[in-house]
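Each chain, written out:
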Amino acid sequence: MNQVSKRSVILFYKPYWVYIVFDIILLILTFVIILAWAPLSTQIPFQKYYPFAIVFSLLWLVISYFAHRYVRIKFMRIGVNALRLLVTTILVFGCMEGYIELVSWLGEKEYSIWMLLTVWLVMLGVSVVFMLFWHAYRYALNQEDEIERAPERGPQSVLFPPELSLTDEQKAEVRQHMATVSSEEAVRFLEENLDIYSSNTYTVRTNDIYNIQRIKYFRYDTIINFMLLNNVRGINKMFGIVNDKLPDDGLFVCCFVRQSTLKRQVLMKYPPVINWLVYFPLYIYKRVIPKIFMTSRLYYDITEGKDRVLSKAEVMGRLCYCGFDIVNEQKINDVTYVIARRSFRPKTVVRRYYGIFVKLNRVGKNGKIFPVYKFRTMHPYSEYLQPYIYQRYGLREGGKLNHDIRVSHTGRFMRKYWIDELPMLLNLLRGDMKLVGVRPISKHYFSLYSEELQQKRIHHKPGLLPPFYADMPKTLSEIEASELKYLNRCEEKGTFSTDFIYFWKIFYTIIFCHARSH
């Protein structure tokens, strides 16, 4: 009985229905396309070959099942899957060749062996592509970026008060060590902002996260890692662990080489034209491929995360995402040092994926938060950096953030000509927005507005074409006045007539006054 039950388990299993549906659709499309376009001798291909198609399809599905092709890919390796596909195709081809010979011997119909070969090759080729793609997807999905978090905690200070001050000789020794792993200028910068000689300051130069995990909880109130983040695989994981190790308001120092620095070094190293030919593929390899979901894990497995390209906005955005506030940052000899203060414990620290589209949460009618869709114009993790940019640089003319390091060079071009806002048409179709209306803004930007304007805003849908382009205000107070004027008119004169008038005002400003988005 045991042997019979084991065989039943091996022969019969619960198939993954997605693979079966994919095969059925592929079989239907293959036969329809081939019979419609292939040069066959018969004038009635569908009538002649439909028994052939049914037999082939049934054989393909049945043999695939018993060859265990419909077991979910996450439970099998690519080599096993490829072997099962090979067995399936060989058996199907052999059975169909026998079927053709049998039908021909019985004198019923004569099927073309080229028809069998064409269908067989198409099914094999597409199945191989699907198999490779699905395995690549599963491979990319397993990023292993989640970390084991420390237990929840209440207010926590450093466990031990700092020891007595070091002697001048001991300070010189500490200073010399830091200068060896960084630079003299970097040590001076840290001296001005930290107590680097405290017994509660821990310095390390490592890209091995295990060395960070070994630090005792709340033993140090300052942790400095002199290893460039460009050589660290699992930056979020490292930041998350440091966050757990530090007490409340503890300080963390990290360093990295900016993307702009790498660009300048490459462009200066080679003569004109050649320098761009060198830089462009380097940019694709080190900046684009690591950010694409399907290629990122392969990139990090090959390079081990070393010598990667990072933008300033991404590093500081990652810090904010992982529970830190930016205290200070300084570029020293092509290396940027960032001092961050632990401000809160994030619930999760996982890898975030970024594509060409971005979904931004915006305040809509009735105060409802809804997603706005745009083409990506900012560096990764920039969405967490807005409060810092506002506090450090404020607003410039037009109400935009001043010195907004979050926007990439390509993004600035897209914003200038509203290319990034084209996906917002989906919000228009969904009814989240209307054609003319106040700008959809973030919760942080919404909090900067007066209470009167906030209350009026939530009674109206935001729009694709804001009144900003009718009045062209320059300061935040002028923007508020412009939106109040528009909303008051909507309430007094009616939304439809107000939007109609504002539409033509905006049209005139854009076409004849050359107003541009920035």
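A brief look at the structure comes next. Because the structure is a prediction, the values reported are computed rather than measured.

### Notes on the pattern of salt bridges
Link 1 in the chain: According to the stated counting rule, one finds 14 salt bridges in the structure shown.
Link 2 in the chain: Notably, a salt bridge pairs Glu329 with Lys312, separated by 2.9 Å at the nearest N-O pair. With Glu329 in strand β4 (residues 324–332) and Lys312 in helix α13 (residues 312–321), the pair connects residues that are 17 residues apart, well separated along the chain. Like Lys312, Glu329 is buried.
Link 3 in the chain: Within this structure, Arg175, Glu184 and Glu191 form a network of salt bridges that share partners.

### What to know about empty space enclosed by the protein
One way to see where empty space is left: roll a probe the size of a water molecule over the atoms.
Link 1 in the chain: Applying the stated rule across the entire model yields two cavities of 30 Å³ or more.
Link 2 in the chain: Residue lining of the largest cavity: 11 residues in total, with Tyr19, Arg69, Asn81, Phe130 and Met131 positioned closest to the centre.
Link 3 in the chain: Contributing elements (two or more residues each) for the lining of the largest cavity: α2 (17–37), α4 (78–106) and α5 (113–141).
Link 4 in the chain: Residues that form the lining of the largest cavity fall into these classes: seven nonpolar, two polar and two charged.

### Focus on unusual backbone geometry
Link 1 in the chain: Although it is not a glycine, Asn333 adopts a positive phi angle of roughly 50°.
Link 2 in the chain: Structurally, the position occupied by Asn333 is in the loop between β4 and β5 (335–342).
Link 3 in the chain: Owing to a relative accessible area of 53%, Asn333 belongs among the exposed residues under this scheme.
Link 4 in the chain: Its identity as a non-glycine residue notwithstanding, Trp418 has a phi of 60°, on the positive side.
Link 5 in the chain: Residue position: Trp418 is located in the loop between α15 (409–416) and α16 (425–430).

### Examining the environment of Val158
Link 1 in the chain: Within the secondary structure, Val158 sits in the loop between α5 and α6 (168–181).
Link 2 in the chain: Distance from Val158 to Leu246, taken between C-alpha atoms, is 7.8 Å for residues 88 residues apart in sequence.
Link 3 in the chain: In contact with Val158, other than residues within four places in its own chain, are Asn200, Phe218, Arg219, Tyr220, Asp221 and Pro247.

### Side note on the packing of helix α20 (residues 476–493) against helix α21 (residues 495–512)
Link 1 in the chain: As a packed pair, α20 and α21 sit with axes 7 Å apart at the nearest point and diverge in direction by 135°. By the angle class used here, α20 and α21 are oblique. Residue-level inspection shows Lys485, Tyr486, Arg489, Cys490 and Lys493 of α20 in contact with α21, the latter providing Thr495, Ser497, Thr498, Asp499, Ile501 and Tyr502.
Link 2 in the chain: Looking at the contact of α20 with α21, its residues break down into four nonpolar, three polar and four charged.

Calculation notes
Residues numbered from 1 in each chain as written. Predicted model: local features only at pLDDT ≥ 70, side-chain atom pairs only at ≥ 80, totals over all residues. Heavy atoms only, no water. Salt bridge = Lys/Arg side-chain N within 4 Å of Asp/Glu carboxyl O. Helix = DSSP H or I, 4+ residues; strand = E, 2+ residues; numbered from the N terminus. Buried < 20%, exposed > 50% of the residue type's maximum accessible area, 1.4 Å probe, protein only. 1 Å grid on protein atoms, 1.4 Å probe; cavity = no way out; pocket = protein on both sides within 12 Å on 5 of 7 lines; lining within 4 Å. Points joined across faces, edges and corners; volume = space filled by probe spheres on them. Nonpolar A, V, L, I, M, F, W, Y, C, P; charged D, E, K, R; others polar. Contact = heavy atoms within 4.5 Å. Axes fitted to C-alpha atoms, helices over the stretch in contact; angles between N-to-C directions. Parallel < 35°, antiparallel > 145°, perpendicular 65-115°, else oblique.

Read these as spatial facts, not as claims about activity.
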